[in-house]
Amino acid sequence: MKRSKLVDLAIFAMLGTILFISKIIFEFLPNVHPIAMFIAVYTLVYRARALIPIYLYVFILGLYYGFPMWWYPYIYIWAVVWALMMLVPKGASLRTKGILSAVFCGLHGLLFGILYAPAQAVMFGLDFKGMIAWIIAGIPFDAIHMCANIAISVLVIPLYKVLNRLEEKRTI
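Residues numbered from 1 in each chain as written. Predicted model: local features only at pLDDT ≥ 70, side-chain atom pairs only at ≥ 80, totals over all residues. Heavy atoms only, no water.

Student: Before we move on, can you summarise the overall build of the chain with the specific residues and values?
Tutor: In terms of helices and strands, the chain carries eight helices and zero strands. Put simply, the chain runs from its N terminus to its C terminus through helices and strands in the order α-α-α-α-α-α-α-α. For 172 residues, the compact-globule formula gives about 16 Å, and the C-alpha radius of gyration of the chain, at 17 Å, lands near that figure. By principal-axis analysis of the C-alpha atoms, the chain measures approximately 55 × 35 × 25 Å. (Helix = DSSP H or I, 4+ residues; strand = E, 2+ residues; numbered from the N terminus. Rg over C-alpha atoms; globule rule 2.2 N^0.38 Å.)

Student: Describe the pattern of salt bridges, with residues and values.
Tutor: A complete count under the given rule lists three salt bridges for this structure. We note a salt bridge from aspartate 8 to arginine 49, for which the minimum N-O separation is 3.0 Å. One end of the pair, aspartate 8, is in helix α1 (residues 5-25); the other, arginine 49, is in the loop between α2 (35-46) and α3 (51-65), with 41 residues separating them in the sequence. A relative accessible area of 10% places aspartate 8 in the buried class. Exposure remark for arginine 49: the relative accessible area of 32% places this residue in the partly exposed category. (Salt bridge = Lys/Arg side-chain N within 4 Å of Asp/Glu carboxyl O. Buried < 20%, exposed > 50% of the residue type's maximum accessible area, 1.4 Å probe, protein only.)

Student: Would you mind going over a nonpolar patch on the surface in detail, with residue names and values included?
Tutor: On the surface, Tyr55, Met69, Tyr72 and Ile75 cluster together to form a nonpolar patch covering roughly 360 Å² of accessible area. You can see isoleucine 75 is positioned in helix α4 (residues 74-86). You can call isoleucine 75 partly exposed: its relative accessible area is 36%. (Patch = residues over 30% accessible without salt bridge, like charges linked within 9 Å, V, L, I, M, F, W, Y side chains within 5 Å. Areas by Shrake-Rupley, 256 points an atom, 1.4 Å probe, with all protein chains shown as cover.)

Student: Now, about the environment of tyrosine 74: what can you tell me, with residues and values included?
Tutor: Structurally, the position occupied by tyrosine 74 is in helix α4. Once the C-alpha coordinates of tyrosine 74 and leucine 163 are considered, the two residues, 89 residues apart in sequence, prove to be 25 Å apart. Residues within four places of tyrosine 74 in sequence aside, it is in contact with Lys23, Tyr57, Val58, Leu61, Phe112 and Tyr116. (Contact = heavy atoms within 4.5 Å.)

Student: So, the layout of surface pockets: which residues are in play, and what are the values?
Tutor: Taking a probe equal in size to a water molecule and rolling it over the atoms shows the remaining empty space. In this model, the largest pocket occupies a volume close to 210 Å³. Residue lining of the largest pocket: Asn31, Phe112, Gly113, Tyr116, Gln120, Trp134, Ala137, Gly138, Phe141, Asp142 and His145, and that is the complete set. If you list the elements that add at least two residues to the lining of the largest pocket, you get α5 (94-124), α6 (128-137) and α7 (139-152). Tallying contributions element by element places α5 first for the lining of the largest pocket, with four residues. The residue inventory of the lining of the largest pocket, partitioned by class, reads five nonpolar, five polar and one charged. (1 Å grid on protein atoms, 1.4 Å probe; cavity = no way out; pocket = protein on both sides within 12 Å on 5 of 7 lines; lining within 4 Å. Points joined across faces, edges and corners; volume = space filled by probe spheres on them. Nonpolar A, V, L, I, M, F, W, Y, C, P; charged D, E, K, R; others polar.)

Student: Account for the side chain of lysine 23, naming residues and giving values.
Tutor: Position of lysine 23 among the secondary structure elements: in helix α1. For the buried lysine 23, which has no salt bridge, the nearest side chain bearing the opposite charge is glutamate 27, at an N-O separation of 4.3 Å. Aside from chain neighbours lying at most four places away, what touches lysine 23 is Ile35, Tyr57, Leu61 and Tyr74. (Lys, Arg positive; Asp, Glu negative; His and termini not counted.)

Student: Could you give me a rundown of α5, with the residues and numbers involved?
Tutor: Every α-helix carries 3.6 residues per turn, so stepping three or four residues along brings you back to the same face. An ideal rise of 1.5 Å per residue puts 45 Å on 31 residues; α5 measures up with 43 Å between its terminal C-alpha atoms. The sharpest bend along α5 comes to roughly 55°, located at leucine 111. (Expected span 1.5 Å × (residues − 1). Bend = angle between axes of the 7 residues up to and from the residue.)

Student: I'd like to hear about the packing of aromatic side chains, residue by residue, with values.
Tutor: Going through the model one piece at a time under the given rule, you end up with 15 aromatic pairs. Look at phenylalanine 20 and tyrosine 64: their rings are 5.1 Å apart centre to centre, the planes differ by 70°, and that puts the pair in the edge-to-face class. Within this pair, whereas phenylalanine 20 is found in helix α1, its partner tyrosine 64 is found in helix α3, the two being separated by 44 residues in sequence. Their ring planes at 70° and their centres at 5.5 Å tell us that tryptophan 70 and tyrosine 74 sit as a pair that is edge-to-face. For tryptophan 70, a relative accessible area of 30% puts it in the partly exposed group. (Phe/Tyr/Trp six-rings, centres within 6.5 Å; stacked < 30°, edge-to-face > 60°.)

Function cannot be read off these values alone, since they describe shape.
If you want it as C-alpha cells, here you go:
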C-alpha cells in the first residue's frame, strides 16, 4: 500500500515535537538530555528521513528562543549524531545497534564542545588559541554530556522496537 505523505508529515511533526519537549523538560540539568538518544532511534527506524524531525526540532527551538546566537550551531551539530547513526547497517543485530548507539551518542556528547567551537569562535571573535582554550575549559561539561548520553542510550533499543513495530503495522 502506498504510504501517505500527510501521515508521514504528522508523524515527523510529532517526533520533532518530542525532541523539543524533551529538551525543555531537561533544561534544569546542564548537558543532560535525551536528544541524541531520540535521534539515534529515529535514524535507526527512518534512516535519511530522520532528518525531517531533527530539523523540525532545530527550527522549533529557534522559534521558541528567538533564534539566539547559541542556536546557529544546532543547524549542523545534531546532523553529526544522525550521520554517525547512518553508519549502523540496517541489518545489524539489536545488540550491535545498541552498542553502536551508546558509542555514537557518547562520542557526540564528548565532542559537543569541539563541534560547537568553530561557531563560538566566529560569534565571539576568538582566535585559534582562544577557541582551543574554550574547548579545554568545556571538557568537564562534555564529559558529563558523554556520560549522560551513554546512560540515556539504554532506551534506544526498547524505543526502536516500539517505533519499528508501529511502522511495520502501519496501514496508511
